[in-house]
Amino acid sequence: MNIGTLIDAAAAGDPERVALIIGDRTIGYGQLATAVEQCAAGLAANGVMEGSRVAVVDGGSLLSIASVLGAARIGAAAALMNPALTSAELQNMLRNAGCVGVGVAGQPYADRLCAAGATTALTPADLLSGQQLSAAPIVEENPDRDALVLFTSGTTGLPKAVGIPTGRLSARLQGIGAPFRADVPPTVGMMCVPFFHVGGSLGVLGSLYSGNTTVVQERFDAAEWLRLAQAHQVCTAFVVPTMLQRILDHPDFTGTDLSSLMAIAYGAAAAPVALVRRAMAALPKVAFANVFGQTETLGAYTTLSPQDHRDPTRVGSVGKPLSGVEVRVVNPETGNDIETGTV
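Every value quoted in this text rests on a predicted model; they were computed, and no experiment measured them.

**Some remarks on empty space enclosed by the protein**
Evaluation of the coordinates by the stated rule reveals 1 cavity of 30 Å³ or more. Tallied by class, the residues present in the lining of the largest cavity amount to 4 nonpolar, 3 polar and 2 charged.

**Examining helix 8 (residues 198–210)**
Count 3.6 residues to each turn of an α-helix, and residues three or four apart come out pointing the same way. Helix length check: helix 8, at 13 residues, gives a terminal C-alpha distance of 18 Å against a target of 18 Å (1.5 Å per residue), a fit within 8%. Counted residue by residue, helix 8 has 11 buried out of 13 residues, so it is predominantly covered. Residues of helix 8 that are buried: Val198, Gly200, Ser201, Leu202, Val204, Leu205, Gly206, Ser207, Leu208, Tyr209 and Ser210. In the stretch just after helix 8, Gly211 is the one whose phi turns positive, near 75 degrees.

**Some words on the layout of surface pockets**
Counted as a void, the second largest pocket has a volume near 470 Å³. Residues that form the lining of the second largest pocket fall into these classes: 15 nonpolar, 6 polar and 3 charged.

**Here's the deal with helix 3 (residues 62–73)**
For helix 3, with 12 residues, the first-to-last C-alpha span of 16 Å sits near the 16 Å given by 1.5 Å per residue. Counting buried residues along helix 3, 12 of its 12 residues qualify, which places the element largely inside the surrounding structure.

**Points about the sheet that holds strand 12 (residues 263–267)**
Reading across from one edge, 2-1-10-9-11-12-13-14-15 is the order of the 9 strands in this open sheet, with mixed pairing throughout. Both outer strands of the open sheet, strand 2 (25–28) and strand 15 (320–321), are each paired with one neighbouring strand and no more. Bridging between strand 1 (residues 18–22) and strand 2 involves 4 bridges; their strand directions are antiparallel. Along strand 2, the bridge assignment pairs Ile21 with Thr26. Contacting strand 1 and strand 2, helix 2 (residues 29–45) runs over the sheet at an angle of about 80 degrees to strand 2.

**So, unusual backbone geometry**
Backbone geometry places Gln233, a non-glycine residue, at a positive phi of 50 degrees. Checked against the element boundaries, Gln233 lands in the loop between helix 9 (222–231) and strand 11 (236–239). Judged by relative accessible area, which is 38%, Gln233 ranks as partly exposed. A positive phi angle is found at Ala268, which is not glycine, with a value near 75 degrees. Tracing the chain through its elements places Ala268 in the loop between strand 12 and helix 11 (273–282).

**Thoughts on the sheet that holds strand 3 (residues 53–57)**
Spatially, 6 strands are ordered 6-5-3-4-7-8 in an open sheet, and the strand pairing comes out mixed. The sheet terminates laterally at strand 6 (120–122) and strand 8 (161–165), the two strands that pair on one side only. The sheet shows a mean angle of 25 degrees between the axes of neighbouring strands, taken without regard to direction. As paired strands, strand 4 (residues 77–81) and strand 7 (residues 146–151) are joined by 2 bridges and run parallel to one another. Within strand 7, the position partnered with Ala79 by the bridge is Val149. The sheet strands contacting helix 7 (residues 166–176) are strand 7 and strand 8, and the helix crosses strand 8 at an angle near 70 degrees.

**Some words on the environment of Val216**
With respect to the secondary-structure elements, Val216 resides in strand 10 (residues 213–216). Assessed through its relative accessible area of 4%, Val216 is described here as buried. Taking the C-alpha atoms as reference, Val216 lies 6.6 Å from Gly60; in sequence the two are 156 residues apart. In contact with Val216, not counting residues within four places along its chain, are Leu20, Ile21, Ile22, Gly23, Gly60 and Met191.

**A short note on the pattern of salt bridges**
Counted according to the given criterion, the structure contains 11 salt bridges. A salt bridge links Arg278 to Asp249, with the shortest nitrogen-to-oxygen separation between them at 2.7 Å. Linking Arg278 in helix 11 with Asp249 in helix 10 (residues 241–249), this pair joins segments that are 29 residues apart in sequence. One network of salt bridges, in which partners are shared, links Asp308, Asp311, Arg314 and Lys320.

**Concerning the nonpolar core**
Formed by 55 residues in total, the largest nonpolar core has its most connected members in Ile7, Leu32, Leu169 and Leu208. If we skip the residues at most four places from it in the chain, Ile7 touches Tyr29, Leu32, Ala33, Val36, Leu69 and Leu208. In this structure, Ala229, Phe238, Met243 and Leu261 belong to the second largest nonpolar core, which totals 33 residues.

**Description of the pairing of strand 12**
Looking at chain direction, strand 11 and strand 12 are connected through 4 bridges and run parallel. Bridge pairing in strand 12 links Val239 to Tyr266. With helix 10 bridging strand 11 and its parallel neighbour strand 12, the resulting β-α-β unit is right-handed. Sheet topology places strand 12 next to strand 13 (residues 287–294); 5 bridges connect them, and they run parallel. Looking at the pairing, Tyr266 lines up with Asn290 of strand 13.

**Re the packing of helix 2 against helix 3**
Between helix 2 and helix 3, whose axes approach to 7 Å, the crossing angle comes to 60 degrees. Judged by the angle between their axes, helix 2 and helix 3 are oblique. Along this stretch, helix 2 crosses helix 3, giving a crossing that reads as right-handed. Residues Leu32, Ala35, Val36, Glu37, Cys39, Ala40 and Leu43 of helix 2 form the contact with helix 3, whose own contacting residues are Leu62, Ala66, Ser67, Leu69, Gly70, Ala71 and Arg73.

The rules behind the values
- Residues numbered from 1 in each chain as written.
- Predicted model: local features only at pLDDT ≥ 70, side-chain atom pairs only at ≥ 80, totals over all residues.
- Heavy atoms only, no water.
- 1 Å grid on protein atoms, 1.4 Å probe; cavity = no way out; pocket = protein on both sides within 12 Å on 5 of 7 lines; lining within 4 Å.
- Points joined across faces, edges and corners; volume = space filled by probe spheres on them.
- Nonpolar A, V, L, I, M, F, W, Y, C, P; charged D, E, K, R; others polar.
- Helix = DSSP H or I, 4+ residues; strand = E, 2+ residues; numbered from the N terminus.
- Expected span 1.5 Å × (residues − 1).
- Buried < 20%, exposed > 50% of the residue type's maximum accessible area, 1.4 Å probe, protein only.
- Pairing = 2+ DSSP bridges.
- Contact = heavy atoms within 4.5 Å.
- Axes fitted to C-alpha atoms, helices over the stretch in contact; angles between N-to-C directions.
- Salt bridge = Lys/Arg side-chain N within 4 Å of Asp/Glu carboxyl O.
- Core = buried A, V, L, I, M, F, W, Y, C linked by side-chain atoms within 4.5 Å.
- Right-handed = clockwise from strand over helix to strand, strands pointing away.
- Parallel < 35°, antiparallel > 145°, perpendicular 65-115°, else oblique.
- Left-handed = near helix turned anticlockwise from the far one by under 90°.

Shape descriptors only; they carry no functional weight alone.
Below you can see the structure in the form of structure tokens.
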């Protein structure tokens, strides 16, 4: 599928259904579809073409989410960048990703993006103000064309651009969720990791594909996470272990109604076994899953299932390979496969 048409079915079939909750703003699928069309038209009007890579510098906002879909709609790929980076760091990422001169930025980051080398930084005022532009045509599907660009974390060097082809992203979305159906009520998930992280962007796109609702917490705070989870009856969430620990440690935890919470996936760092066991004891009705992967593989390639969490010998494991994944266990010095049973 063209990722830019991801929400078209939900927007046509149930336009009032809530797609996003960002701060005190509730955005329906119909409203989101309008924003996506505006972003597509605005990008096209500023010279963005099929095959272009467009820098997007903002948090988990309507602008950034609509820009990802709008860019894909015209055959371009949004390159999601951390808005906390300096102009020099952004400059390296623009160069590494091969971005065109036109970029997208939240208002606080527009000057920084231009200082990094972008010739134009389109803001919400440029793309979401309701300005009437000619609708941009939807390009034909091409499974080999990049639909999204993410960046590695830069743990051992500068972040590197990872192009995600349309076919690969489509397959992953279809593998993690069912397509929108008007007769299936939405579930509510929480995105509290950055949108530019693979866990954030993939989580939001997967939710939109299924016609679900995403509560966006742009910057994690344990007290606010608990408040949002109770207020919006959140069912699912993805967290990193540090977030999970802060939630459990917060004085508001015991007084918060988390009865709607059904599943928590955690990953992006090693989780201490003691923390996992503590979380399972504190939230006995929640299904926990440990996911293990990397940006280059579009997220998880192994998972420790909720069932395996009940085995005391497996709680510290990253689980089993997902369908279609092959894993080798090798000697780190030689690169050769080790024998079965070797620790």
